[in-house]
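Residue-level structure breakdown
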There are 2 protein chains.
Amino acid sequence: MNKEVNFKTYTISELAKAFDVTPRALRLYEESGILGPKREGNRRIYFERDRVRLRLLLRGKRLGYSLAEIKELFDVYDSNSGEEGQLRLLLENMEDKKKKLEIQKVDVEAALQEIERITKKARKALREIAAAKK
Amino acid sequence: MNKEVNFKTYTISELAKAFDVTPRALRLYEESGILGPKREGNRRIYFERDRVRLRLLLRGKRLGYSLAEIKELFDVYDSNSGEEGQLRLLLENMEDKKKKLEIQKVDVEAALQEIERITKKARKALREIAAAKK
DNA sequence: TTATTGATTGACGTTTACGTAAACGTAATA
DNA sequence: TATTACGTTTACGTAAACGTCAATCAATAA
């Protein structure tokens, strides 16, 4: 019921600061076809939609996806016509991503366990040093 | 009890094939100070130790670490003198890595859930198409 | 003995994801 | 009105992680 709430906008540097990236990066993401801010004259003006996409983009990056892969994902999702072929394509795509993510999950788990192992060993060694000191 | 079992060796291309990387990559990992194969004359000769390190290296890569970060991890671990300062440093380092991994875990979980959501939606749409076809 | 096979060391090329600087426009502020 | 702050495009630079030759050597198979 309130335009100022529903249509909050951001300048490039505001959005950059909010997500701890540089304006340069945001321009690059736009050039890569992932973000598409409106213009107010010359200036870029970002809406909530851009925030959402940026958040997903950054998560994708943390997961190790390239900008090209991320764009592809958005494209597949955006361009979904609801037509059968498209839907099957999307499902196939999702299946692929899922497999990769399951592998990642295992990798993360394994790394955490290894850290746990090393940490315990180190703590034990420290306790022994402390005991010897006395 | 058997030398041939305990000291199985690999040529560069054997190891490369086994891990689905190129020889070029293995040479790079060596240049980066992560692998350190022995030499037999001129030829590189890889032992089990290298296999282990390579496996960890590749997992690190899948998790998004750079070669420099991976080398650093190995260094911290290898060079552990058991001296108190070193141990504390190692623990601190492990704590950092752990935090990052926990974030990754959340990211992976979130991505998987999103995939689940999209997949369900797509399947539903497909069912509706199938129903309408009849 | 002569190919062939596999390895070696350069060294230059390539892609990705930005950083950085130049040259300029615009709007508010002193 | 001059300065400051923030934005724009254009373009060159850069670090990482290899790919891709080229030239060379060594052992082995034919």
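Residues numbered from 1 in each chain as written. Chains lettered and ligands numbered in written order. Predicted model: local features only at pLDDT ≥ 70, side-chain atom pairs only at ≥ 80, totals over all residues. Heavy atoms only, no water.

**Notes on the nonpolar core**
- Core analysis: the largest hydrophobic core is formed by 33 residues, its most contacted members being B:Leu26, B:Tyr29, B:Leu54, B:Leu57 and B:Leu101.
- Secondary-structure elements contributing two or more residues to this core are α6 (84-133) of chain A together with α2 (12-19), α3 (23-31), α4 (48-62), α5 (67-78) and α6 (84-133) of chain B.
- If you tally residues by element for this core, the top one is α6(A), at seven residues.
- Of all hydrophobic cores here, the second largest spans 32 residues; its members include A:Val21, A:Leu26, A:Tyr29 and B:Ile118. (Core = buried A, V, L, I, M, F, W, Y, C linked by side-chain atoms within 4.5 Å. Buried < 20%, exposed > 50% of the residue type's maximum accessible area, 1.4 Å probe, protein only. Helix = DSSP H or I, 4+ residues; strand = E, 2+ residues; numbered from the N terminus.)

**Examining the relation of the copies chain B and chain A**
- For these two chains of identical sequence, chain B goes onto chain A by a turn of 180° and a shift of 0.0 Å along the axis, with RMSD 0.1 Å. A rotation of that kind, with that shift, is consistent with a two-fold axis. Rotation axis and chain B: the residue whose C-alpha lies nearest the axis is B:Gly64, separated from it by 2.7 Å.
- Mapped onto chain A, 100% of the interface residues of chain B are again interface residues, and the two copies thus contact each other with one and the same surface. (Least-squares fit on C-alpha atoms with pLDDT ≥ 70 in both. Contact = heavy atoms within 4.5 Å.)

**A look at the protein's contact with DNA strand D**
- The immediate surroundings of DNA strand D are formed by 16 residues, with A:Ser13, A:Arg27, A:Arg44, B:Thr22 and B:Lys61 found nearest.
- At 2.6 Å from a phosphate oxygen of DNA strand D is found a side-chain nitrogen or oxygen belonging to B:Thr22.
- Taken together, the elements giving at least two residues each to the surface near DNA strand D come down to α2 (12-19) and β2 (43-45) of chain A together with α3 of chain B.
- Examining the composition of the surface near DNA strand D, we find that four residues originate from one element, α3(B), more than from any other.
- Split by residue class, the surface near DNA strand D holds five nonpolar, five polar and six charged. (Near = heavy atom within 4 Å. Polar contact = N/O pair within 3.5 Å; in protein donor to acceptor, adjacent residues only side chain to side chain. Nonpolar A, V, L, I, M, F, W, Y, C, P; charged D, E, K, R; others polar.)

Without other data, these values stay purely geometric and don't point to any function.
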